[in-house]
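Observations on the model geometry
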Amino acid sequence: MVFATTFVLEQEPLQWWELPAAIKGWVQIAGAVAAFALAIFCLAYAIRRPAYASKTWSRQTRGVALLIALCGASYVLALLAVIGRGMGIGSAARNPGLLQAQPPPPEPVGTFSGLVDILLFVAGLFAILAVTLPLLVDLCTRIRFGRVLAIARLSVKEAVRSRVVWVFASMAIIFLFADWFVPYKPEDQVRNYVRVIYWSLAPLFLLTASLLGAFSIPADVKSQSIHTIVTKPVERFEIVLGRFCGYAALLTVGIGFLTAISLLYVARGVTPQAAKESFTARVPIYGDVLSFSGTGRTDKGESVGREWDYRSYISGPRVNMPQAPRQYAIWSFASLPVGFSETRLPYFEFTFDIFRLTKGQENRGVITNFSFVDGRYQQVPQFQAARDKMRDERARAQDALAKAADAKSKQGSSTAAIQTWRSEQQDALEDSLIDKFGIYEVTAEVLDYHTQVVGGDDKDKVGRKLARLLNMLQDPAQVKSRTREDGATSFLLNVMVSVDRQSAEQMLGVAKRDLYLLAAERPFWLNFIKGVMGMWFATLLMLGLAVALSTYLSGVIAWLCALFLFGMGLFSDSIRQIAEGTSYGGGVVESTVRILGKLPGGARLENSPAASVITGSDEVFRFFLRLFARIIPDVGRFDLHAYVANGYDISWMQVLFLDNFVVLLGYLLPWAVLAYYLMKYREVANPM
Amino acid sequence: MATNDVVVETRKLTKVYRDFWGRQKKVALRALNLQINRGEIFGLLGPNGSGKTTTIKLLLGLLFPTEGDALVFGQPSAEVKKNERIGYLPEESYLYRFLNAEETLDFYGRLFKLDANVRRQRAQSLIDIVGLSADKKRVLKEYSKGMRQRIGLAQALINDPELVILDEPTSGLDPLGTRWMKDLIVELREKGKTIIMCSHRLEDVQDICDRVAILYEGELQELNSVKVLLEDVDKLELQASGVQINEDLRRDLDEVIRRHGGKIERVGHPTTSLETLFLRIVAQSKAHPGRRYLPSVDGNKPGDEARPGSASAKIEEHVKRA
């Protein structure tokens, strides 16, 4: 999908409301891993106490022991609760945690499964505290920033003097020759350049980070240089931190430098078409829900047979099926900014895919109706009835206007004056219809994979009408009446999109993020930097992973492991689908059987002992795959170049902070703890 | 319990190397009991694989004991804080070769959190002491082995340590460097520092160590002061000057020794050590540059050139007179 032509966001960024559930999932999973490690440690300690272990229990040791006891007690309670109710703990074990796109809603606290959930959370928390307590104490009392900085400086010098930075010069090849190979369409110019830059920079920095991180500490151990460091008053974790910080600083400078040059490369000679398409940073306000009507399912449109089902399709009226219900894609907005005016008009933009059932007209798009509708119309028939009524009223009023215009003409008024008058009257009529029915309709020609604004050249006129509608809908009296009888609040606005009769037999492919209210436009350069920050986070993730692995493994093995984990992270969605049994065609064994037996993927296997063996084998495989899925990073969320390439603003708080930084932290923290122990209890000297 | 005067103490210190599966590969050290006192030079002797370096690595916390205790300044060897008072010179100078001498000392000074001024002053002074002032801007990869050993010693002393642990300190040094190193070690002792060194070069240990421990196959075989260990109480040594060895002297001495119940084994001229000879020649060469060795002109074999009456002896005599 390097040269995909629209903004595709397969994975929704983490939302603030999802954060508590994500943290809970993270604590349960990380806590379970920590508890498992503690159990092994306690067992090993009981069997053979290390000679270097202190003979007296310090306050810290007593604290850790207490936390271990509390953790054990919580797990026992959870187990007793499960046994007592004869219930499995699968729901908690399947909690996907922080690194997955959409954690399921939390179980209600009052229910039994909610109680088990809380006990598992508490046990996990105690386990995490028990494991991190020594690290926290060391961080507060022993680890000194000055020494970390000294090792970081050393790492930078080492990398610079071993000429690692020269690899950054390889970008010159891209800057010089990329133009020869990039497909050229004026409107795609910026889009393609951004993609080329991203796909050049990202592998370069990821590879550099993995090499630097994986080989640094093992090289020190091999050359025994580390002896001269650990025999100084240096905490071993300071070496890990120092190496990480040093290389992170070096890579940051490298990324910063190449970003500046890349920005110049992308921004030079932007064509007007490209500037309009993507040389900006639109701040969109997306609908809260995308639903469908007339397609048979409310959550999906029709399938056009594409395996990649990011978009659902709605069809225009079918010539041979006149009675078929009209198909709508409906974007529902729960809230929108208030106070639109002449200087601040609401523009709705969209980018749709066109799937043609007939050839259509040359160089013509699909004529599409956009209806902006008061959210209180909860059913499509309600809306259709009101709309028809509105159309009748409009027709009558327009007839009256025509007659009045004729009368004015007969009275000798000039044509220009009549047109002005008529236009004003028409405008007033539309306003009164909006006020009365809460509906505003626009018809537009949709072009394939182009970012367009509703209203096109008349976007200001449409914007004024939409401002009127939105201001009316957000009037406090109106808001109050939006509370339904069942206590729920209806949506503020529905945007209903359907294919017009003029484009019968054509289909529109839509996704949730394909239509939005344009809240603002920000400078491209800032968005470009934000996009690079996503790549920077991914680089830090790779670096952290490689450094953590190198505290125990040799350089080559650490490097391969880091690449493997990161590489698997690129396919984390597919792996999770297989692990959770939601993949098309079943698990590994089942899909193999299907391929060999030439069975269709959607068909159910016959009920037989063989089928039980097949699905049972897959279940065992899935269990291990679920464990594996916990430790692979979800690297897809750090790829923000699609935002930049398509001209969509990357939100500081929601995308960069919550979805990138917090997730990065959540992933690297357990690795940091692991690195702390591996380094601390490692014999850095070779035997003899 | 270690007292104030005991700097290093090991109690039944044992190290067993195991493979990945925990199977025993080798017992590198077996129940070693040692006490090293403040202000002494302590030597660890033994053939390869006897456990000398393992002992040092255990004391430094680079390895963890399988059994027993290793206490340094009364603290367990794994305790990092003790390292503030320790300087360590590894067998090879495993320093960062991309740094120059100044940067190396600055880096290690930072690890001790030394103030920038102190760091600079100490680095400069140590560079002067180890004789690398002219090469302080060269990166270490350009250094000879002896130079690396010198800068290695400088880094070991950057924190002005109370305990200096030297693993093969004279390794890679020429005789001049070896003498310099030995003098420096003695000087450190005079400043009240405790030194632990292990070496294959027995003459080095003999020259400067107060006490030595001899290890073999991981076990302590001998531990005492060098003087006591080397003294052969069954034999008598007499040195005299102003007399020539002849039959009368031999007969008189024999008579005296026999009267006291002994027996003469050998009467002859004492020999100096090769190191002393080498140092003397180098010192003379510095004072009087030029070729001293002249080849034989009358068919004498090598080694005969200075024999009285030989041609080369005559030439040498002539040169001296000139």
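Just so it is clear, the model here is predicted, and its values are computed rather than measured. (Residues numbered from 1 in each chain as written. Chains lettered and ligands numbered in written order. Predicted model: local features only at pLDDT ≥ 70, side-chain atom pairs only at ≥ 80, totals over all residues. Heavy atoms only, no water.)

Points about the domain arrangement of chain A
- Here chain A is described as being made up of domain 1 (10-89 + 109-141), domain 2 (147-280 + 524-569 + 641-688) and domain 3 (283-522).
- One C-alpha centre belongs to domain 1 of chain A, the other to domain 3 of chain A; they are set 53 Å apart. (Domains from an automatic or database assignment.)

Details of helix α6 (residues 171-181) of chain A
Residue and element names in this part refer to chain A.
- Those residues of α6 not exposed but buried are Met171, Phe175 and Ala178. Mapping the buried residues of α6 onto a view down its axis gives an arc of 80°, with all of them on the same face. Across from the buried face of α6, at angles greater than 90 degrees, the exposed residues are Ile173, Leu176 and Trp180.
- At its buried positions, α6 is contacted by α7 (189-223) and α9 (236-267). (Buried < 20%, exposed > 50% of the residue type's maximum accessible area, 1.4 Å probe, protein only. Helix = DSSP H or I, 4+ residues; strand = E, 2+ residues; numbered from the N terminus. Arc of directions from axis to C-beta. Contact = heavy atoms within 4.5 Å.)

Overview of the pairing of strand β1 (residues 281-286) of chain A
Residues and elements named next belong to chain A.
- Here β1 lies mainly inside the structure; 5 of its 6 residues are buried.
- As judged from the 6 bridges shared by β1 and strand β12 (residues 515-522), these two strands associate in the antiparallel manner. In the sheet register, proline 284 faces β12, and the bridge partner there is leucine 518. (Pairing = 2+ DSSP bridges.)

Some remarks on the side chain of Ser312(A)
- As for its position among the elements, Ser312(A) is in strand β3 (residues 312-315).
- A polar contact of 3.1 Å, which involves the side chain of Ser312(A), links it to the backbone nitrogen of Gly301(A). (Polar contact = N/O pair within 3.5 Å; in protein donor to acceptor, adjacent residues only side chain to side chain.)

Structural notes on the pairing of strand β7 (residues 366-374) of chain A
Residues and elements named next belong to chain A.
- Buried residues dominate β7, accounting for 9 of its 9 residues.
- With 8 bridges joining them, β7 and strand β8 (residues 439-446) adopt antiparallel strand pairing. Within β8, the residue paired with phenylalanine 372 across the bridge is tyrosine 440.
- Summarising the sheet, β7 and strand β10 (residues 493-499) pair through 7 bridges and their orientation is antiparallel.

Structural notes on the pattern of salt bridges
- By the definition in use, this model includes 63 salt bridges over all chains.
- Linking Arg637(A) and Asp634(A) is a salt bridge whose minimum nitrogen-to-oxygen distance equals 3.1 Å.
- One salt bridge connects Arg119(B) with Asp106(B), and the closest N-O pair in it is separated by 2.9 Å. With a gap of 13 residues between them, Arg119(B) in helix α3 (residues 116-129) and Asp106(B) in helix α2 (residues 101-111) connect regions that are remote in the sequence.
- With a relative accessible area of 22%, Asp106(B) lands in the partly exposed category.
- Several salt bridges share partner residues, and in doing so they unite Arg179(B), Lys182(B), Asp183(B), Arg201(B), Glu203(B), Asp204(B) and Asp207(B) into one network. (Salt bridge = Lys/Arg side-chain N within 4 Å of Asp/Glu carboxyl O.)

A short note on α3(B)
All names here are of chain B.
- A rise of 1.5 Å per residue sets the reference length of α3, with its 14 residues, at 20 Å; its end C-alpha atoms lie 20 Å apart and thus fit the reference within 8%.
- Turning to α3, its buried residues number three or more, namely Arg119, Ala123, Leu126 and Ile127. Each buried residue of α3 sits inside an arc of 100° when the element is viewed along its axis, so together they form one side.
- Positive backbone phi, at 75°, marks glycine 131, one or two positions downstream of α3. (Expected span 1.5 Å × (residues − 1).)

What about the sheet that holds strand β5 (residues 75-76) of chain B?
All names here are of chain B.
- What the 4 strands build is an open sheet, ordered β2-β1-β4-β5; its pairing is antiparallel. Two strands bound the open sheet, and with one partner strand each, they are β2 (24-37) and β5.
- The sheet contact formed by strand β1 (residues 6-18) and strand β4 (residues 67-72) spans 5 bridges and is antiparallel. Directly across from threonine 14, in β4, lies its bridge partner glutamate 67.
- Across the sheet, helix α1 (residues 52-60) touches β1, β2 and β4, and the angle it forms with β1 is around 115°. (Axes fitted to C-alpha atoms, helices over the stretch in contact; angles between N-to-C directions.)

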